[in-house]
Amino acid sequence: MIGDRITYRMADGVRVPGTWRHAFIRNGGHHLTDLFIYADGLIDCWGLVTLEEFGEKLRSGWVATEIPEGAEASAFELASWTFTAPRMWLDPETLVAEIRDTIDQLNRRPDSTGRCLTAVDAFLADRTEEKRAAAREAYFAIPETKRLYALGDMDRKDWPLQILVGGVGGVADRRPDEKITRELYDWALSYFEERAEWAAGARARVPADGPATGVSPAIHLYESYPLKPSDDPGTKALRNEYPAAVEADGVTYPTVTHAYWALSVADPAVREAVAAADSTFSARNLAAGAERRQGWQESRTAVMTRLLRDKFTRHPEAARALLATGDATIVYGDSDSGYWGDDGGTGRNWTGRLLELVRSELYEGQSC
């Protein structure tokens, strides 16, 4: 449960809700810290990562779910200690499952417990073995650490649920050596029937303007330097370094990066050199030491918008890659700029925001 542990980060001017939980980061020693989990699926474990990337952090031991005897640990500016007989509650699979549930909860959609209870309702409405098997599968999809509280009943815990999905002659998860009797099963049925009557009498609270919508999963565009175009480039095509020619003021540039930096400089000779640079890295370096044209800081966002529009209008494969992101938040990595990049959640992420704008325009063009 999230409870009152609510935080947020700003992405594209949008407030993305989040929460946090304790974890150990292994960086030299073990450091007690917080994992920040956000509704768009990004997790901050000393750097924003997707859920899939978080799994890699777990497998590498960066986020520790096992701590050896005698390991040293610290809580910054608070305490340090040495572990004796450490005992950890979660393995990597369970931790990922719990975080996946947390993301569902932040988006106000059913988590694994909610999906299990929906499957139980479906079985109670149509008591076939097929529906029971689906309910049983949904029960075991709940992280083991959370099953006990699936019904929200602090007295009986999940015991009625175990009996119901086990069925007469089956076994309950908590007592695998005992067969479920008809009497016990009938008791579980009556429990759920009474529960359904109570739920039917409770008033559902729905906002007058409709239910709240969730936050789409984020897509993180890490820095990359592809050397040639592709018919199926994936998200690499969304990077400004991707080799997709654009035109500005009658000049054709090999990439958006070449065009942006060329247009930024005041000296026409330097501009030509930047446009002809053999790589985006060279184009940026050539422009970095040159004088900026007058008013560049105020106009650069409009220039980038124009270049991105040209790129995705001119290159269908890049447009398909952008449209394939749906309505996801686009987090743009840029190690040189907190203006164009996300910079670990502290940057303005203008490139990501403009990509979302151009994506919306492409959708509008399709619907016309």
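These remarks concern the structure in this document. (Residues numbered from 1 in each chain as written. Predicted model: local features only at pLDDT ≥ 70, side-chain atom pairs only at ≥ 80, totals over all residues. Heavy atoms only, no water.)

Before going further, it helps to spend a moment on the nonpolar core. Ranked by size, the top nonpolar core spans 41 residues in total, and within it Tyr253, Leu307, Leu308, Phe312, Leu322 and Leu355 carry the most contacts. If you list the elements that add at least two residues to this core, you get strand S10 (246-248), helix H8 (256-264), helix H9 (268-275), helix H10 (280-288), helix H11 (296-314), helix H12 (316-323), strand S12 (330-332) and helix H13 (350-367). Setting aside its immediate chain neighbours within four residues, Leu308 contacts Asn240, Val256, Leu354, Leu355 and Val358. (Core = buried A, V, L, I, M, F, W, Y, C linked by side-chain atoms within 4.5 Å. Buried < 20%, exposed > 50% of the residue type's maximum accessible area, 1.4 Å probe, protein only. Helix = DSSP H or I, 4+ residues; strand = E, 2+ residues; numbered from the N terminus. Contact = heavy atoms within 4.5 Å.)

On to H12, then. Where burial is concerned, most of H12 is hidden: six out of the eight residues are buried. Buried residues in H12 make contact with H11, S12 and H13.

Throughout the structure, instances matching the rule amount to 13 aromatic pairs. When the centroid spacing of 6.3 Å and the interplanar angle of 45° are considered together, the rings of Trp20 and Phe36 count as tilted. Residue Trp20 is located in strand S2 (residues 14-27), and its partner Phe36 is located in strand S3 (residues 29-38); the two are separated by 16 residues in the primary sequence. Taking relative accessible area as the criterion, Trp20 reaches 24% and is therefore assigned partly exposed. Through pairs of rings, three or more aromatic residues link up here, namely Tyr260, Trp261, Trp296, Tyr339, Trp340 and Trp350. One residue, Arg15, lies across the ring of Tyr8, its end atom 3.6 Å from the ring centre. A cation over a ring is seen here: Arg239 above Tyr332, with NZ or CZ 4.0 Å from the ring centre. (Phe/Tyr/Trp six-rings, centres within 6.5 Å; stacked < 30°, edge-to-face > 60°. Lys NZ or Arg CZ within 6 Å of the ring centre and 35° of its normal.)

A separate point is the pairing of strand S7 (residues 72-75). Two strands pair when backbone bridges link them, and S3 and S7 are joined in this way by two bridges, in the parallel orientation. Counted as the bridge partner of His31 is Ser74 from S7. Here four bridges tie S7 to strand S8 (residues 79-82), and the two strands are oriented antiparallel to one another. In the sheet register, Glu72 faces S8, and the bridge partner there is Thr82. Between S7 and the antiparallel strand that follows it, S8, lie three residues; Glu77 among them carries a positive phi value of about 60°. (Pairing = 2+ DSSP bridges.)

Function-wise, these values are silent; they only describe arrangement.
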